[in-house]
Amino acid sequence: MLRTGRFVTVMAIAGLMFLYIPILLMMILSFNDSRLVSVWGGFSTKWYGELLNNEQLLNAAWLSIKVAGLSATLAVILGTLAGYVLTRFGPFRGRVMMGGMVTAPLVMPEVITGLSLLLLYVAMEDFIGWPQGRSLTTIVISHATFCMAYVTIVVQSRLTQMDGVLEEAAQDLGARPWRAFVDVTLPMLAPALISGWLLAFTLSFDDLVIASFVSGPGSSTLPMVIFSKVRLGVSPDVNALAAILIGFVGLCVFVYSWRVGRRIRRGE
C-alpha cells in the first residue's frame, strides 16, 4: 500500500510538472531581452512595451474576448433551456433525437463542424442574403453552437440532483411556471450557470479550428493570429501577452480560493 501511494504521488508530481513547466518557461522568456527563444539575452521588460504598440495582437485579443463573452452568454441561455426541457418535461416525442442533436457537438470533430457551418453560411447568403460574408456574427453563432452542448450537460447534471418539490410548492402557492422558474429554479441553478458560462468562455476563447473556417477579413481571433505567427517564429511579445493572461487567471483563482478559505474558517 505504501509503494502504491508513493507511485501515485510521483506520477501526480510528474504530470503537474509536465503541464506547468512549459507555461513557466514561457513566462520567463517573456522577460528575455533577445528575440531568439533559444538564446537568453538578459532580463528585460521591453517586450511588454512592444505589446502595447502591437495593434494586431491587441485587436485580436479584444476580438476574442468579445466573441467569447457573447458566445458564452448565448450558449448559457440556449443550453439552460435545452437542459431544462430534457430534464423537467419528461418523456415526449422526439426527446431522444433532441438529446442526441444537442450533445452531438461533443463528439463531432471540429473540422467537420467548421466546414459544415461554413457551407451553411454560404448557402444562406445565396438564398436570403444573410450573413453577408464571414465576420464577428458568424464566429459568435458558430461558437455558441458547440459551446451550448457543454452548458446543456452541466445544467442537466445540476437539475438531476435538484429536487423538484420546491418548484411544485411555488406553483401550489400561486406562482406561475415562469415565475417559479425565475424565483426558485434559477437561483439554485446559479453555480451551474456560472460554471457553464466560464467553460463556454474558455472553449470559445481557445478555439482555432472552427474560427478559421467561419471568420473573414478583419475578424481574426487571437488563436488565429498566434498560429499564423508560429510559422515564422513566435515573437516575445506573444509570450508577454500570454504571461498577462495567465497572471490574470491565476489572480482570479487565488482571490476565489482565498475567499472560500475565509468562509470555511468562519464556519459559513
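Below is a summary of the structure that appears in this document. (Residues numbered from 1 in each chain as written. Predicted model: local features only at pLDDT ≥ 70, side-chain atom pairs only at ≥ 80, totals over all residues. Heavy atoms only, no water.)

**Examining the layout of surface pockets**
One number sums up the size of the largest pocket: a volume of about 1000 Å³. When contributions to the lining of the largest pocket are tallied by element, the ones reaching two or more residues are helix 8 (177-206), helix 10 (222-230) and helix 11 (236-266). The leading source of residues in the lining of the largest pocket is helix 11, at twelve residues. Taken together, the residues of the lining of the largest pocket break down into 22 nonpolar, two polar and one charged. In this structure, the second largest pocket encloses a volume near 160 Å³. The wall of the second largest pocket is formed by Ala-104, Pro-105, Met-108, Ile-112, Thr-113, Ser-116, Leu-117, Leu-120 and Thr-145. Of all the elements, helix 5 (residues 110-128) adds the most residues to the lining of the second largest pocket, at five residues. The class makeup of the residues in the lining of the second largest pocket is six nonpolar, three polar and no charged. (1 Å grid on protein atoms, 1.4 Å probe; cavity = no way out; pocket = protein on both sides within 12 Å on 5 of 7 lines; lining within 4 Å. Points joined across faces, edges and corners; volume = space filled by probe spheres on them. Helix = DSSP H or I, 4+ residues; strand = E, 2+ residues; numbered from the N terminus. Nonpolar A, V, L, I, M, F, W, Y, C, P; charged D, E, K, R; others polar.)

**Re the packing of aromatic side chains**
Scanning all chains against the criterion turns up seven aromatic pairs. Considering the side-chain rings of Phe-31 and Phe-43, the 5.3 Å spacing of their centres and the 10° angle between planes classify their relative orientation as stacked. Residue Phe-31 is found in the loop between helix 1 (2-29) and helix 2 (46-52), and its partner Phe-43 is found in the loop between helix 1 and helix 2; the two are separated by twelve residues along the sequence. These aromatic residues form a ring-pair network of at least three members: Tyr-84, Phe-89, Trp-178 and Phe-181. (Phe/Tyr/Trp six-rings, centres within 6.5 Å; stacked < 30°, edge-to-face > 60°.)

**Overview of the nonpolar core**
Burial of nonpolar side chains together is a common tendency in soluble globular proteins. One finds Ala-75, Val-151, Val-155, Leu-159, Leu-189, Ala-200 and Val-214 to be the most contacted residues of the largest nonpolar core, which totals 26 residues. Of all elements in the fold, only helix 3 (55-88), helix 5, helix 6 (136-161), helix 8 and helix 9 (209-214) reach the threshold of two or more residues within this core. Looking at which element gives the most residues to this core, the answer is helix 6, with eight residues. Once residues lying within four places of it in the same chain are set aside, the contact partners of Val-155 are Gly-79, Thr-80, Gly-83, Leu-189 and Leu-193. Listed in part, the eleven residues of the second largest apolar core include Ala-60, Ala-68, Leu-222 and Ala-240. (Core = buried A, V, L, I, M, F, W, Y, C linked by side-chain atoms within 4.5 Å. Buried < 20%, exposed > 50% of the residue type's maximum accessible area, 1.4 Å probe, protein only. Contact = heavy atoms within 4.5 Å.)

**As for helix 5**
The first and last C-alpha atoms of helix 5 sit 26 Å apart over 19 residues, in line with the 27 Å expected at 1.5 Å per residue. Considering only its buried residues, helix 5 is in contact with helix 6 and helix 9. Phi turns positive, to about 80°, at Gly-129, one or two residues after helix 5. (Expected span 1.5 Å × (residues − 1).)

**With respect to the pattern of salt bridges**
The tally for this structure, following the rule as stated, stands at four salt bridges. Across the pair Lys-46 and Asp-33 runs a salt bridge, and its minimum N-O distance is 3.8 Å. Taken together, the residues Lys-46 in helix 2 and Asp-33 in the loop between helix 1 and helix 2 connect sequence positions 13 residues apart. Residue class for Lys-46 comes out partly exposed when judged on its relative accessible area of 39%. Measuring nitrogen to oxygen at the nearest pair gives 3.0 Å for the salt bridge that ties Arg-88 to Glu-167. Placement of Arg-88 in helix 3 and of Glu-167 in helix 7 (residues 165-172) is noted, with a sequence separation of 79 residues between them. For Arg-88, a relative accessible area of 26% puts it in the partly exposed group. (Salt bridge = Lys/Arg side-chain N within 4 Å of Asp/Glu carboxyl O.)

Remember that the coordinates give geometry; whether it matters functionally is a separate question.
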